[in-house]
Amino acid sequence: MKARVKWIENSTFLGESNSGHAVVMAASTTPGGVTTAPSPMEYLLLGTGGCTSVDVVMILQKGRQDVRGCECRLDAERAATDPKVFTKINMHFVVTGKNLKPDTVQRAIDLSAEKYCSASIMLGKMAEITHSFEIVDAD
């Protein structure tokens, strides 16, 4: 895998993936300041949520579950001092479907966390990652 990050101006950068996609990212020059795009750390958190969500949906689908929606709400804390790594991350899944069983959803989340999601497994080496979920019955 290859990628490129190019400085545009001020604290704004353009990230380009080897697959041809691009994202703008920006860092605040002052703590809590306004930015023009998500920060690199926000993208890291978003990417982790995306990685595990893909796993959960695919595992449920392969298990022939009638899954119709999956939302991963991430709540993260960072260290107060540099390098300000993530120290805690909670991933709360809201899974929508018909007749979904809690143990099946839990198993999909566990498999992602323990075996398949490379992003969360990497971050788990530094941060305490917890998971929770709720099931919404689709009408």
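Just above, that's the structure.
Not measured: the values here are computed from a predicted model.

Draft legend 1. Spotlight on the overall build of the chain. Regarding its fold elements, the chain presents three helices and six strands. From first element to last, N terminus to C terminus, the chain shows the α and β order β-β-β-α-β-β-α-α-β. On the principal axes, the C-alpha backbone points of the chain span a range of 50 × 35 × 30 Å. Split into buried and exposed, the 139 residues of the chain put 28% on the buried side. Residue pairs in contact within the chain that sit at least 24 positions apart in sequence constitute 53% of those at least 6 positions apart. Counting every atom, the chain has about 9,200 Å² of accessible surface; 55% of that belongs to carbon and sulfur.

Draft legend 2. Structural view of the packing of helix H1 (residues 40-62) against helix H2 (residues 102-116). Where H1 contacts H2, the two axes come as close as 9 Å, and the packing angle between them is 130 degrees. Considering their axes alone, H1 and H2 lie oblique with respect to each other. Classified by chirality, the crossing of H2 by H1 is right-handed. Between H1, through Thr52, Asp55, Val56, Ile59 and Leu60, and H2, the contact on the second element is made entirely by Thr104, Val105, Arg107, Ala108, Ile109, Leu111, Ser112 and Tyr116. Residue classes in the contact of H1 with H2 are distributed as eight nonpolar, three polar and two charged.

Draft legend 3. Inspection of the nonpolar core at higher detail. Within the largest apolar cluster, 18 residues are counted, with the highest numbers of intra-cluster contacts made by Leu60, Ile89, Phe93 and Val95. Take this core: its biggest share by element is five residues, from strand S5 (residues 86-98).

Draft legend 4. Local environment of H1. Here H1 spans 33 Å end to end across 23 residues, near enough to the 33 Å set by a 1.5 Å rise per residue. Restricting attention to buried positions, one finds in H1 the residues Leu45, Thr48, Gly49, Thr52, Ser53, Asp55, Val56, Ile59 and Leu60. Lining the buried residues of H1 we find strand S4 (66-78), S5, H2 and helix H3 (118-123). Directly after H1, the chain includes arginine 64, whose backbone phi takes a positive value near 60 degrees.

Draft legend 5. Representation of the packing of aromatic side chains within the structure. Under the criterion given, the structure shown has zero aromatic pairs. Here the guanidinium or amino end of arginine 78 rests over the ring plane of phenylalanine 86, the centre of that ring lying 5.9 Å away.

Thresholds, definitions, all that
Residues numbered from 1 in each chain as written. Predicted model: local features only at pLDDT ≥ 70, side-chain atom pairs only at ≥ 80, totals over all residues. Heavy atoms only, no water. Helix = DSSP H or I, 4+ residues; strand = E, 2+ residues; numbered from the N terminus. Buried < 20%, exposed > 50% of the residue type's maximum accessible area, 1.4 Å probe, protein only. Contact = heavy atoms within 4.5 Å. Areas by Shrake-Rupley, 256 points an atom, 1.4 Å probe, with all protein chains shown as cover. Axes fitted to C-alpha atoms, helices over the stretch in contact; angles between N-to-C directions. Parallel < 35°, antiparallel > 145°, perpendicular 65-115°, else oblique. Left-handed = near helix turned anticlockwise from the far one by under 90°. Nonpolar A, V, L, I, M, F, W, Y, C, P; charged D, E, K, R; others polar. Core = buried A, V, L, I, M, F, W, Y, C linked by side-chain atoms within 4.5 Å. Expected span 1.5 Å × (residues − 1). Phe/Tyr/Trp six-rings, centres within 6.5 Å; stacked < 30°, edge-to-face > 60°. Lys NZ or Arg CZ within 6 Å of the ring centre and 35° of its normal.

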